[in-house]
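So the chains spell out like this:
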Amino acid sequence: MAPRTFDRELRELLRAAGCILLRQGKGSHEIWQSPLTGRSFPIQVGVASRHTANAILKQAGLLKAF
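Not measured: the values here are computed from a predicted model. (Residues numbered from 1 in each chain as written. Predicted model: local features only at pLDDT ≥ 70, side-chain atom pairs only at ≥ 80, totals over all residues. Heavy atoms only, no water.)

Participant: Help me understand the pairing of strand β3 (residues 40–44), please; the structure alone is not making it clear to me.
Facilitator: Side-chain direction in a regular strand flips from residue to residue, so the side chains alternate between the two faces of the sheet. Here β3 shows a clear split, with Phe41 and Ile43 buried on one side and none of Ser40, Pro42 and Gln44 buried on the other. Inspection of the sheet shows strand β2 (residues 29–33) paired to β3 by five bridges, in the antiparallel sense. If you follow His29 over to β3, its bridge partner there is Gln44. Connecting β2 to the next strand, β3, in antiparallel fashion are six residues, including Gly38 with a positive phi near 75°. (Buried < 20%, exposed > 50% of the residue type's maximum accessible area, 1.4 Å probe, protein only. Helix = DSSP H or I, 4+ residues; strand = E, 2+ residues; numbered from the N terminus. Pairing = 2+ DSSP bridges.)

Participant: I'm lost on the environment of Phe6 in this one. Help?
Facilitator: Looking at the secondary structure, you find Phe6 in the segment before α1 (7–16). Other than its neighbours up to four places away in sequence, Phe6 contacts Val47, Ala48, Ser49, Arg50, Ala53 and Phe66. (Contact = heavy atoms within 4.5 Å.)

Participant: Is there a simple way to think about the environment of Glu30 in this case?
Facilitator: Assignment of secondary structure puts Glu30 in strand β2. For Glu30, a relative accessible area of 13% translates into the label buried. A sequence separation of 30 residues divides Glu30 from Ala60, and the C-alpha atoms of the two residues are 14 Å apart. The contacts of Glu30, once residues within four sequence positions are left out, are Arg11, Leu21, Arg23, Gln24, Gly25, Phe41, Pro42, Ile43 and Val45. Engagement of the side chain of Glu30 in a polar contact is seen with the side chain of Arg11, the distance being 3.1 Å. (Polar contact = N/O pair within 3.5 Å; in protein donor to acceptor, adjacent residues only side chain to side chain.)

Participant: So what exactly am I meant to see when it comes to α1 here?
Facilitator: Residues spaced three or four apart along an α-helix point in a common direction, a consequence of the helix completing one turn every 3.6 residues. Listed in full, the buried residues belonging to α1 are Asp7, Leu10, Arg11 and Leu14. For α1, the angular spread of buried residues about the axis comes to 95°, placing them on one side. Exposed positions of α1 whose direction lies more than 90 degrees from the buried face are Arg8 and Ala16. As for α1, its buried residues are in contact with β2, β3 and α2 (50–59). Immediately beyond the C-terminal end of α1, within one or two residues, lies Gly18, with a positive phi of roughly 95°. (Arc of directions from axis to C-beta.)

Spelled out as structure tokens, the structure:
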């Protein structure tokens, strides 16, 4: 059984909030930008921790979801 990742759900929440993928970052990261905060933030491909997923949502100006 593969470990659970939060990638798909996290990206769906970000897109629903209007966040956009700016570019591919170094290695296995993507750089996103939030219209709510105006900040750019990295997202690792294969986010395995709910704490990390919630921290990304916080950087985007969204509430915890995991």
